[in-house]
Amino acid sequence: MPDSPPETSQRVRDISVHLILLLGVASLCGSLVSNGARSVTGPYILLLGGSAAVVGLIAGFGEFVGYALRFVAGSYVGQGRHYWKVAMAGYGLLVAIPLLAFAGRWEVAAFLIIFERIGKAIRTPARDTILSHATAAVGRGWGFGVHKALDQAGAVIGPLVMVAALVFTGGYTAGFLLLGIPLVGVAIVLLIARSAVPRPGRLEVQLNGRGEETADLPGIRPYATFIFLGMAGFAAFPLISYHFKAQAIISDAAIPLVYASAMAVSVVVALLIGRAFDRIGAHALLTIPVLSTATVLLAFSLTPVMAVAGSLAWGAGIGIFETVLRASIAESTALERRGEVYGILSAVFGTAWFMGSAVMGVLYDVSLTHIVAYVIIVESAAVAAYLWMYWARIVVRFQEEIGDRIP
């Protein structure tokens, strides 16, 4: 296959960088809205009369919906290539967040939280598929890392908005209403991006001349198993924040600040792990079991310093998992299958987070020791799944080499 002319490659690279930055800004605004609300979900549900089990169930089910429905959205995107329409529709459901200001019962709040997660399920496969085309010219890990860093920057700002609202008004209503303002920015940036690059798939075609090789199924099955086990032991922040409030470890106004600090850590980690991925590949995922275990050991402590350290470990895990997951799918999946694969593995991701969050929410009402034991067992199994994934890839590569040598 002949290489693309230098001027073509540079033009594609420039357009790709601009597209990554535009989508990053859109995600920044959207993340500001959603994470501003998520930083206080636990305390807000408690204020409205919900229990720890309710918080764990809502958080887990919200993540389950937000990821499981991506299979449907990913399949639709893969078949129809309606990237921009689907992405914009999904971002539009962020309107559920400012409506939380008017929720008088935890049941209503739960519905709105899950409704927003449905929007995330709709938009993410389309957005990630667009990004996968743009990152081909700049490096998968670096491109997704930059996008994730911008996304997490919004996750830092959003909780700070809630902190200001709690400090100056003493309640959550003003904060939820303020989070509605960035929705205008999301709409504007997406319209600009769609106008600039209406057919993002052409970026990768112009760069490579054809699609990448199709992902091997023997590598996907153990990879999906690792994702499931890794996320089944990854605590949800609403349960962590519930622990902070229920045990009076950190004040209400400080909880969003802790969340913002965790998101700041994820910004730095996303950039670092993005660069690392371009050098070492999916091996970076092995840090997830370590961080998941460290999170539960520290975050559910009764000591404020250790609890905050656990939250920062949680933020590092977020930065690693989402960056490497999306980059590795783009690296190993053919153009025509990418939206579908994003949907399938995202469904595995969300199912695991739902089950793990629900289990940990129930175990919290029993004892913290039970949560720690559960996470250690699950994450140990995740390490075993990683070894299976690594071995499966070695076998596939060996088979490909043998096949190439046979005339």
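Small disclaimer: the values here were computed from a predicted structure and weren't measured.

Structural notes on a nonpolar patch on the surface
Alright, step 1. A contiguous nonpolar patch, built from Leu 69, Phe 71, Val 72 and Ile 344 and spanning about 320 Å² of accessible area, is present on the exposed surface.
Alright, step 2. Mapped onto the elements of the fold, Leu 69 is located in the loop between helix H3 (52-68) and helix H4 (70-80).
Alright, step 3. Accessibility expressed as a relative area gives 38% for Leu 69, which makes it partly exposed.

Focus on the side chain of Thr 135
Alright, step 1. Relative to the helices and strands, Thr 135 resides in helix H7 (residues 106-135).
Alright, step 2. Excluding residues within four positions of it along the chain, Thr 135 makes contact with Ile 20, Arg 140, Gly 143 and Phe 144.

Quick look at unusual backbone geometry
Alright, step 1. In this model, Ala 248 sits at a positive phi of 55°, which is unusual for a non-glycine residue.
Alright, step 2. Looking at where Ala 248 falls in the secondary structure, it is placed in the loop between helix H13 (237-246) and helix H14 (254-280).
Alright, step 3. The exposed category is assigned to Ala 248, whose relative accessible area is 66%.

Describing the pattern of salt bridges
Alright, step 1. Taken as a whole and judged by the stated rule, the model has 6 salt bridges.
Alright, step 2. Here Glu 116 makes a salt bridge to Arg 117, at a shortest N to O gap of 2.8 Å. Summarising the burial analysis for this pair, Glu 116 and Arg 117 share the class buried.
Alright, step 3. A salt bridge links Lys 245 to Asp 252, with the shortest nitrogen-to-oxygen separation between them at 2.9 Å.
Alright, step 4. Among the residues examined, Lys 245 registers a relative accessible area of 25% and is labelled partly exposed.

Some thoughts on the nonpolar core
Alright, step 1. One finds Leu 19, Phe 176 and Trp 314 to be the most contacted residues of the largest nonpolar core, which totals 120 residues.
Alright, step 2. Top contributing element to this core by residue count: helix H16 (residues 304-332), with 12 residues.
Alright, step 3. If we skip the residues at most four places from it in the chain, Trp 314 touches Phe 234, Ala 235, Ala 236, Phe 237, Ile 240, Tyr 259, Ala 262, Met 263 and Thr 295.

Some thoughts on the packing of helix H8 (residues 140-169) against H14
Alright, step 1. Closest axis-to-axis distance for the H8/H14 pair is 8 Å, and the angle between their directions is 175°. Our classification of the angle between H8 and H14 gives roughly antiparallel.
Alright, step 2. Tallied by class, the residues present in the contact of H8 with H14 amount to 21 nonpolar, 5 polar and 4 charged.

Observations regarding the side chain of Ser 27
Alright, step 1. Mapped onto the elements of the fold, Ser 27 is located in helix H1 (residues 6-38).
Alright, step 2. With residues up to four places along the chain from it excluded, the contact list for Ser 27 reads Tyr 91, Arg 127, His 147 and Asp 151.

Points about helix H10 (residues 182-196)
Alright, step 1. In this model, H10 (15 residues) spans 21 Å end to end at C-alpha, consistent with the 21 Å of a helix rising 1.5 Å per residue.
Alright, step 2. Turning to H10, its buried residues number three or more, namely Pro 182, Val 186, Val 189, Leu 190 and Ala 193. Looking straight down H10, one finds that the buried residues subtend no more than 100° of arc, so they occupy a single side. Exposed side chains of H10 directed beyond 90 degrees from the buried face belong to Val 184 and Ser 195.

Here we look at the packing of aromatic side chains
Alright, step 1. Going through the model one piece at a time under the given rule, you end up with 13 aromatic pairs.
Alright, step 2. Each ring, one from Phe 234 and one from Trp 314, has its centre 6.2 Å from the other, and the planes form 10°; the classification is stacked. In this pair, Phe 234 is assigned in the loop between helix H12 (217-232) and H13 and Trp 314 in helix H16, connecting sequence segments 80 residues apart.
Alright, step 3. Since its relative accessible area comes to 2%, Phe 234 is described here as buried.
Alright, step 4. Plain terms: the ring middles of Phe 237 and Tyr 259 are 4.7 Å apart, the flat faces sit at 65° to each other, and that makes the pair edge-to-face. Taken together, the residues span a long stretch of sequence, with Phe 237 in helix H13 and Tyr 259 in helix H14 at a distance of 22 residues.
Alright, step 5. In this structure Phe 237 comes out as buried when scored by relative accessible area, which is 1%.
Alright, step 6. On the basis of relative accessible area, Tyr 259 is assigned to the buried category, the value being 1%.
Alright, step 7. Linked through ring pairs, Phe 234, Phe 237, Phe 244, Tyr 259 and Trp 314 together constitute an aromatic cluster.
Alright, step 8. Here the basic side chain of Arg 123 rests over the ring of Tyr 91, its NZ or CZ set 4.8 Å away from the ring centre.

Calculation criteria
- Residues numbered from 1 in each chain as written.
- Predicted model: local features only at pLDDT ≥ 70, side-chain atom pairs only at ≥ 80, totals over all residues.
- Heavy atoms only, no water.
- Patch = residues over 30% accessible without salt bridge, like charges linked within 9 Å, V, L, I, M, F, W, Y side chains within 5 Å.
- Areas by Shrake-Rupley, 256 points an atom, 1.4 Å probe, with all protein chains shown as cover.
- Salt bridge = Lys/Arg side-chain N within 4 Å of Asp/Glu carboxyl O.
- Helix = DSSP H or I, 4+ residues; strand = E, 2+ residues; numbered from the N terminus.
- Buried < 20%, exposed > 50% of the residue type's maximum accessible area, 1.4 Å probe, protein only.
- Contact = heavy atoms within 4.5 Å.
- Core = buried A, V, L, I, M, F, W, Y, C linked by side-chain atoms within 4.5 Å.
- Axes fitted to C-alpha atoms, helices over the stretch in contact; angles between N-to-C directions.
- Parallel < 35°, antiparallel > 145°, perpendicular 65-115°, else oblique.
- Nonpolar A, V, L, I, M, F, W, Y, C, P; charged D, E, K, R; others polar.
- Expected span 1.5 Å × (residues − 1).
- Arc of directions from axis to C-beta.
- Phe/Tyr/Trp six-rings, centres within 6.5 Å; stacked < 30°, edge-to-face > 60°.
- Lys NZ or Arg CZ within 6 Å of the ring centre and 35° of its normal.

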